[in-house]
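Coordinate analysis (summary)
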Amino acid sequence: MSPETIAPRSLAEALRARDDASLSALLRSRPDLITPVPTDLTQLATRAGTRASVVRALERLDRFTLQTAEALAVAREPATYDELLGLLAGDDADPAVTAAFPHALGTLREQALLWGADDRLRLVRTARELLAPSPQHPSPTGLGPTVGEATAGMSPGRIQEIVAAAGLASTHDSVSAVASLSGLFADRSRMSALLDEAPAEAVGVLSRLVWGPPYGQVTAEPAAHLRWLIGRGLLLPTAPGTVVLPREVALHLRAGRAHRVTEPVAPAVEAATTRRPQAVDAAAAGQAYTTLATVEELLKDWHEGGPAVLRAGGLSVRDLKRTAVALDVPEPVAAFWVELAYAAGLVASDGEAEERYAATPAYDTWLELPAAERWARLASAWLAATRTAGLVGGRDAKDRTLSALGPGLDRSAAPEVRHRVLALLAELPEGAAPDTDSLLARLYWERPSRSVRPAPDELRARLARWTLSESELLGVTGRGALSAQGRALLGLPATADAKAAEPSGPGDKLPAHKRHHPVTAPVPHSPAERAATAARAAALLAPLLPEPLDHVLLQADLTAVAPGPLERPLADTLGVLADVESKGGATVYRFTPASVRRALDAGRSASDLHAFLAAHSRTPVPQPLAYLIDDMARRHGHLRIGAASAYVRCDDEAVLNEILADKRSQEFALRRIAPTVLVAQTDPASLLTGLRTMGFAPAAESAEGDVLISRAHAHRTPPRTAPEPVPDGPPVPDATLLGAAVRAIRAGDLASTAPRKDDPAAGRPGNGELPRTSPAETLATMQAAVMTGEAVWIGYVNAEGSASQRVIAPIRVEGGFVTAYDHTADEVRTYPLHRVTGVAELADDQP
């Protein structure tokens, strides 16, 4: 039976009249009500009326639905359907408001913020207290108190004077006088006639107060036009020197509207530019490739151990600047890449005594994945992360700087805002980039502030702006428009063009018109759902990414050009042998003496390097490069440095003489101890660096006299899990949990309201107290119920001491236990009799 056809006396009764689908919808929209599962509908109604729950529910209403609740808070209680509609649509009955009103009213009713039939609509008391006007908390409508509220402390004589000045007949009591005055102000024709007599200055005063705030200041001797208004009750005193415009007067001046601007329709998101979808996907794919290259470069830079962890956690400002320089990006962008790698579980603290950031073992696994799957992992982590890189560099509540990878960056609203922004982009025509202002206006309409419009730097607006820039960096969007892989990442059906290129699979049979114009984008909650959407996104991206190349183009100016991404072994070796000079569509590497020496230090021989270049170059190896390699190889290791503190040995005495004669070597305090050996008063590493600076090519050697091979040693953290997002309240329950919760609430409500035969109040809901009987009476009643097959009502205390009421149908009683079908749990259970507080028979019409 629907709420419109009954007259419930409370919210609990209104919930009791709902069907299971309606209760499930309530618990899904307000998941805080199910944690923990209420024992019955009375407890559910009580929880739905708590301040914290109501505030959370109001904050998630759209603009028009919230305006409907605000209008109901200033309407008389209870209000009728037509009265509430009049407050929103006004005297001219705005057709857009009239069309949108039933849905807004249904939303309030579904979320248990409103109850009652259409002729007796009531706002939940807590919501009314939050939204109704008061001097301390003005109403968003700008309306003040009613005539009855404003005259509550006024003397009866003064009320009669106002009634008489307004042209009304005197009454015998204040209550009828206030009712007469309220009736006058609510009557459009009589009120218009009264205001026609008002001085022009008085009308100006009313026009300044009509849209709020409704309070004004007056002197001890007000002007004549103010005395005219005060004398007729059009302004009522609330405190010495303060007057207020009564609600009924304001509504007349507003033509019946509770709000100055009623917004029944969501503002449309406008397209700023439109490009070909193929160009959008190509641009997004190019940026996706850049994403992979940047994250790999970041982790390569931290390969042997990254920056130190601050004592309070996070990166220092200096380390963030160094990272930005290494990646050749601004610091805010560097913070985004660092946070992205952290959210994906690719980087973490190593937990050592001298704590540093380093790549995790998951990074090595990630590197082995195909490029499209690697990107999908990053994009999925970004979409679900609550850590917000845009906050880096700002201040927290204690005025402390927020650092990258540090605490205080979690914002629970971030995933929902990211998903909603991308979903709104998906509703635009293919290839269309949004107008930012219209997008922010739409987001504000969907989640408005309950007071005033938020400033441009309000968190939700900043999250939306960051989403637009970060999605472009990631390649989720291209040139501002949502890409095909971005659409798949949201779990939306593919567009027609992308669908043709995507591998077919079950569940993709939607009509073309629905694929082109999606209405909603369900948020993937479970890991399986997120993995499925990531796989679809990777499948769409893979054909757009360039294939890795196995060659480079060597040039005579000691450079090599990679016309595209290189296969990993080639890229790794070339990264040791040469320095990256420029990036882009083609990467330019430059060979230098230092880079060639780096390859020789890593254990490569000259013949190895010649063979490598010949195998991977589409052009002949230039002679200058071959000479450079041979020259560095001939000089490499000619000098040997070991520990004395340090020594230098060389078979060529002339070279040692040259070193001693060089003034730059004086800082090392070198002296000859043998024709081919020099010793120094510095450590081998400093001596090695110093001689290389002087133009020599020494090699380090071990205590056994062998040349030390210098390779990068990968530093990894112990196994780490990616940071868990900080949820914005309880998670949305799945269908299984909702079904079980509704059954438990229904059964608990049956137990708490079932009348007993021995209850003098039989036929009415129970008072919630547990039944109390002696052990002998409990056993006898249970045995009798087994014989008759009737259900009974019991009180039960579990092992944790929690008491509950249950309706059971006993099947067997033996050994101190009763086995029964529990209507509360909807299953057969066995209960120890000593935990049963008492038992009572149900009325004949109960199960």
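Basis of the calculations
- Residues numbered from 1 in each chain as written.
- Predicted model: local features only at pLDDT ≥ 70, side-chain atom pairs only at ≥ 80, totals over all residues.
- Heavy atoms only, no water.
- Pairing = 2+ DSSP bridges.
- Helix = DSSP H or I, 4+ residues; strand = E, 2+ residues; numbered from the N terminus.
- Axes fitted to C-alpha atoms, helices over the stretch in contact; angles between N-to-C directions.
- Contact = heavy atoms within 4.5 Å.
- Core = buried A, V, L, I, M, F, W, Y, C linked by side-chain atoms within 4.5 Å.
- Buried < 20%, exposed > 50% of the residue type's maximum accessible area, 1.4 Å probe, protein only.
- Parallel < 35°, antiparallel > 145°, perpendicular 65-115°, else oblique.
- Left-handed = near helix turned anticlockwise from the far one by under 90°.
- Nonpolar A, V, L, I, M, F, W, Y, C, P; charged D, E, K, R; others polar.
- Polar contact = N/O pair within 3.5 Å; in protein donor to acceptor, adjacent residues only side chain to side chain.
- Expected span 1.5 Å × (residues − 1).
- 1 Å grid on protein atoms, 1.4 Å probe; cavity = no way out; pocket = protein on both sides within 12 Å on 5 of 7 lines; lining within 4 Å.
- Points joined across faces, edges and corners; volume = space filled by probe spheres on them.
- Salt bridge = Lys/Arg side-chain N within 4 Å of Asp/Glu carboxyl O.

**Some words on the sheet that holds strand β22 (residues 803-814)**
Strand order in the open sheet made by the five strands is β24-β23-β22-β21-β25, with antiparallel pairing throughout. Either end of the sheet is taken by a strand with one partner, and the two such strands are β24 (827-832) and β25 (836-841). Here the strands of the sheet are splayed against their neighbours by 45 degrees on average, with no regard to which way each runs. Sheet topology note: the strand β21 (residues 792-797)/β22 ladder contains six bridges and is antiparallel. Within the sheet, the bridge partner assigned to G795 lies in β22 and is Q805. Taken strand by strand, helix α35 (residues 775-788) contacts β21, β22, β23 (817-822) and β25, and its axis lies near 65 degrees from that of β22.

**Focus: the nonpolar core**
The biggest cluster of nonpolar side chains holds 90 residues, and the ones touching the most others in it are L27, F185, L229, L234 and L235. Take this core: its biggest share by element is seven residues, from helix α5 (residues 63-74). If you look at the next biggest cluster of nonpolar residues, it comprises 72 residues, including L320, A376, L409 and A432.

**With respect to the packing of helix α21 (residues 414-427) against helix α23 (residues 459-474)**
Each pair of packed helices can be summarised by the angle the axes make with each other and by the distance between the axes. At a minimum axis separation of 9 Å, α21 and α23 run at an interaxial angle of 60 degrees. The pairing of α21 with α23 is recorded here as oblique in orientation. For the pair α21 and α23, the sense of crossing is right-handed. Note on element contacts: α23 touches α21 through R460, L463, A464, T467, L468, E470 and S471, opposite A414, E416, V417, R418, V421, L422 and L425. When grouped by side-chain class, the residues that make up the contact of α21 with α23 number eight nonpolar, two polar and four charged.

**Observations regarding the side chain of H259**
By secondary structure assignment, the location of H259 is in the loop between α15 (247-253) and β6 (271-274). A distance of 2.8 Å separates the side chain of H259 from the side chain of E70, its partner in a polar contact. If sequence neighbours within four positions are ignored, H259 has contacts with Q67, E70, A71, L88, T141, W211 and R254.

**A few points about the sheet that holds strand β5 (residues 242-244)**
The sheet built from three strands is open, its strands ordered β3-β5-β4 with antiparallel pairing. Since the sheet does not close on itself, it has two edges, and those belong to β3 (215-217) and β4 (236-239), each with one partner. The mean inter-strand angle of the sheet, taken between neighbouring strand axes irrespective of direction, is 40 degrees. Taken together, the three bridges between β4 and β5 define a ladder with antiparallel strand orientation. Its bridge partner being in β5, L236 is matched across the sheet by V244.

**A look at α5**
Taking 1.5 Å per residue, 12 residues should reach 16 Å; α5 reaches 17 Å between its end C-alpha atoms and fits that length. Counted residue by residue, α5 has 12 buried out of 12 residues, so it is predominantly covered. When we look at burial in α5, the residues that qualify are R63, F64, T65, L66, Q67, T68, A69, E70, A71, L72, A73 and V74. Capping of α5 at its N-terminal end is provided by D62; its side-chain oxygen lies 3.1 Å from the backbone amide nitrogen of F64.

**Overview of empty space enclosed by the protein**
In total, this model carries five cavities of 30 Å³ or more according to the counting rule given. As a volume, the largest cavity reaches approximately 100 Å³. F336, E339, L340, A343, W382, A385, R387, A389, R418 and E470 are the residues that line the largest cavity. At four residues, helix α18 (residues 331-343) tops the list of elements feeding residues into the lining of the largest cavity. Residues belonging to the lining of the largest cavity are distributed by class as follows: six nonpolar, no polar and four charged.

**Thoughts on the side chain of S53**
By secondary structure assignment, the location of S53 is in helix α4 (residues 51-59). Residue classification places S53 among the buried residues on the basis of a relative accessible area of 4%. There is a polar contact of 2.6 Å between the side chain of S53 and the side chain of D32.

**Details of the pattern of salt bridges**
Under the definition given, this model contains 27 salt bridges. E83 is the salt-bridge partner of R76, the closest N and O atoms lying 2.9 Å from each other. On the basis of relative accessible area, R76 is assigned to the exposed category, the value being 52%. Between D631 and R634 there is a salt bridge, with its nearest N and O atoms 2.6 Å apart.

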